[in-house]
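Understanding the architecture of this molecule
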Amino acid sequence: MFLQTRFLTCLIAFLLSFPCYFCSHASPHYNDYLGKASGHNSPRTFINAIKTRELENWPWRKFGSKVGGRSLASLKTINVNDYGAKGDGSDATEAFKKAWEAACSSEGSVLVVPKNKNYLLKPITFQGPCKSGITVQIYGTVQASSDQSAYRSDIAHWLLFENVQNLVVQGGGVINGNGKAWWENSCKVNDEHPCKEAPTALTFYNCKNLVVKNLKIQNAQQIHVSFENCVGVQASGLTIIAPGNSPNTDGIHVAGTQNIHISNSVIGTGDDCISIASGSQKVQVTGVTCGPGHGISIGSLGSGNTESHVSDVTVSDATLSGTTNGVRIKTWQGGSGIASNIKFQNIVMNNVDNPIIIDQKYCDQAKPCKPQSSAVLVQNVLYQNIKGTSSSNEAIQLNCSDEFPCEGIVLQDINIQIGGGKAAKAVCNNARVTQKGGVSPNCMEA
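Here is what the cut-offs are and how they apply
Residues numbered from 1 in each chain as written. Predicted model: local features only at pLDDT ≥ 70, side-chain atom pairs only at ≥ 80, totals over all residues. Heavy atoms only, no water. Salt bridge = Lys/Arg side-chain N within 4 Å of Asp/Glu carboxyl O. Helix = DSSP H or I, 4+ residues; strand = E, 2+ residues; numbered from the N terminus. Buried < 20%, exposed > 50% of the residue type's maximum accessible area, 1.4 Å probe, protein only. Polar contact = N/O pair within 3.5 Å; in protein donor to acceptor, adjacent residues only side chain to side chain. Contact = heavy atoms within 4.5 Å. Pairing = 2+ DSSP bridges. Axes fitted to C-alpha atoms, helices over the stretch in contact; angles between N-to-C directions. pLDDT = per-residue confidence, 0-100. Disulfide = S-S within 2.5 Å.

This part covers the pattern of salt bridges. A complete count under the given rule lists 8 salt bridges for this structure. Note that R328 and D272 form a salt bridge whose closest N and O atoms lie 3.1 Å from each other. Linking R328 in strand β23 (residues 327-332) with D272 in the loop between β18 (258-268) and β19 (274-276), this pair joins segments that are 56 residues apart in sequence. Per residue, the accessibility class of R328 equals that of D272, and both read buried. Among the ionic contacts, a cluster of salt bridges with common partners joins D272, R328 and K330.

This next bit is on the side chain of S275. Mapped onto the fold, S275 is located in strand β19. Among the polar contacts listed, one links the side chain of S275 to the side chain of D250, at a separation of 3.0 Å. Beyond its immediate sequence surroundings of up to four residues, S275 is in contact with D250, I252, H253, V254, S297 and G299.

Read from one edge to the other, the open sheet built from 11 strands follows the order β7-β10-β13-β15-β17-β19-β21-β23-β25-β27-β30, with strand pairing classed as parallel. At either end of the open sheet lies a strand with only one pairing partner, and these are β7 (124-127) and β30 (425-429). Across the sheet, the mean angle from the axis of one strand to that of its neighbour is 15°, orientation sign disregarded. Taken together, the 5 bridges between strand β10 (residues 157-162) and strand β13 (residues 200-205) define a ladder with parallel strand orientation. Bridged to L159 within β13 is L202. Against the sheet, helix α4 (residues 93-104) contacts β7 and β10, and its axis sits at roughly 5° relative to β7.

Next up on the list: unusual backbone geometry. The omega torsion of the bond from G128 to P129 falls at 0°, within 30 degrees of zero and hence cis. The backbone of N178 shows a phi angle near 50°, a positive value even though the residue is not glycine. Structurally, the position occupied by N178 is in the loop between β12 (174-176) and α5 (180-184). Judged by its relative accessible area of 25%, N178 falls in the partly exposed class. Backbone geometry places N209, a non-glycine residue, at a positive phi of 60°. Position of N209 among the secondary structure elements: in strand β14 (residues 208-218).

Relative to the helices and strands, Q345 resides in strand β24 (residues 336-352). Apart from the residues lying within four places of it in its own chain, the contact partners of Q345 are T314, V315, S316, D317, L382, Q384 and N385.

Time to look at the confidence of the model for the protein chain. Mean pLDDT over the protein chain works out to 87, with 83% of the residues at or above the 70 mark. Below a pLDDT of 50 lies the segment residues 1-65, which in the model reaches 54 contacts outside its immediate sequence neighbourhood of four places, other chains included.

With that out of the way, let us pick up the state of the cysteines. As enumerated under the stated definition, the model contains 6 disulfides in all. Through a disulfide, C273 is tied to C290; the S-S separation comes to 2.1 Å. Disulfide C273-C290: the torsion about the S-S bond is 85°, which places it as right-handed. Here C273, found in the loop between β18 and β19, pairs with C290, found in strand β20 (residues 280-290); they are 17 residues apart in sequence, far enough to count as distant.

Given below as structure tokens:
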């Protein structure tokens, strides 16, 4: 009995002392710090007296927080303001270059672009390889120089990350391409202007183990985000917007990239919401909202009689509204190669032109394209559980090659109508189609 009493007494004392211990050891100022590090104003006046770098380092060391899956306990914080950036809309290109060089040469680092600041950048390459992984925290706004002469040495890129492994770019900030001046001079807007290239706002080239998330990317000069020759990419929580009449402003472009997952993003631009080009394999797109724009496209493939290959692509749980195409595969005549093992599943179409389309006779040029005997083969494509409304009479268009018909096309549980509940049509030329479940419109009735 005595031992039981002693045990109960000790247990009660321990439980009563635990909250006090926690209060004395946990930092009451941690939330204030998080606001300060990202640029929010803190109500605690004493924090303002602490140096910015100490603020940025201290909680990460103490609490072992993580960014991009890596502990921040051992990472060095590099603030672009410490390298000469003012954040008042003035040119910060050199400061960003110096900050990147410091980050890239460190064992582990976080490069911080502070909140409530506006940084003007000319074309810049964030070059690797780096000593170790890097996290870029964009809290503020980065905007492109509107001086087109600044792009003379590289017209194709504005922000370029090249040959970087284990890179995370995130933070909730804004990347603004200031594309209006480029759009106005496009031959697609004014045919009196010559057709010429314009910069891609944000390019990742030859990167491995890459995370890009929680960013707003807007008004790109041309393509907004491009993943080229990358391996192992996670792109999520992106908001990508530009006017519906802005030319060639694809949301996300994927080329020569393997093992990429694009998820939970909202994209509305003047071109494809997502375009998947040659050399891409194991591409997964989930939870994307698209519109305005040209839909979600594989291609174009085979232009200029080239050989193209795309395989193992899955697009699921997407919503497209008011786009000029839905889910599309487009290939040029005269090309070669194959687009195969492609799935479009669980997709909602709201007033979409051409909801389901394969076009093996794609031609995006002023002069009509001449018929050619070769083509990129399209095979093993599944369209499953696609529902909604079409703004055109032909909700399904399979316009395949005479010489290389589309093979292994499966339509399963399709219900697309014209607005008002009217029946839509299907046009299926040179396509070997299997239909399962309820399919409307129906290729067999075309």
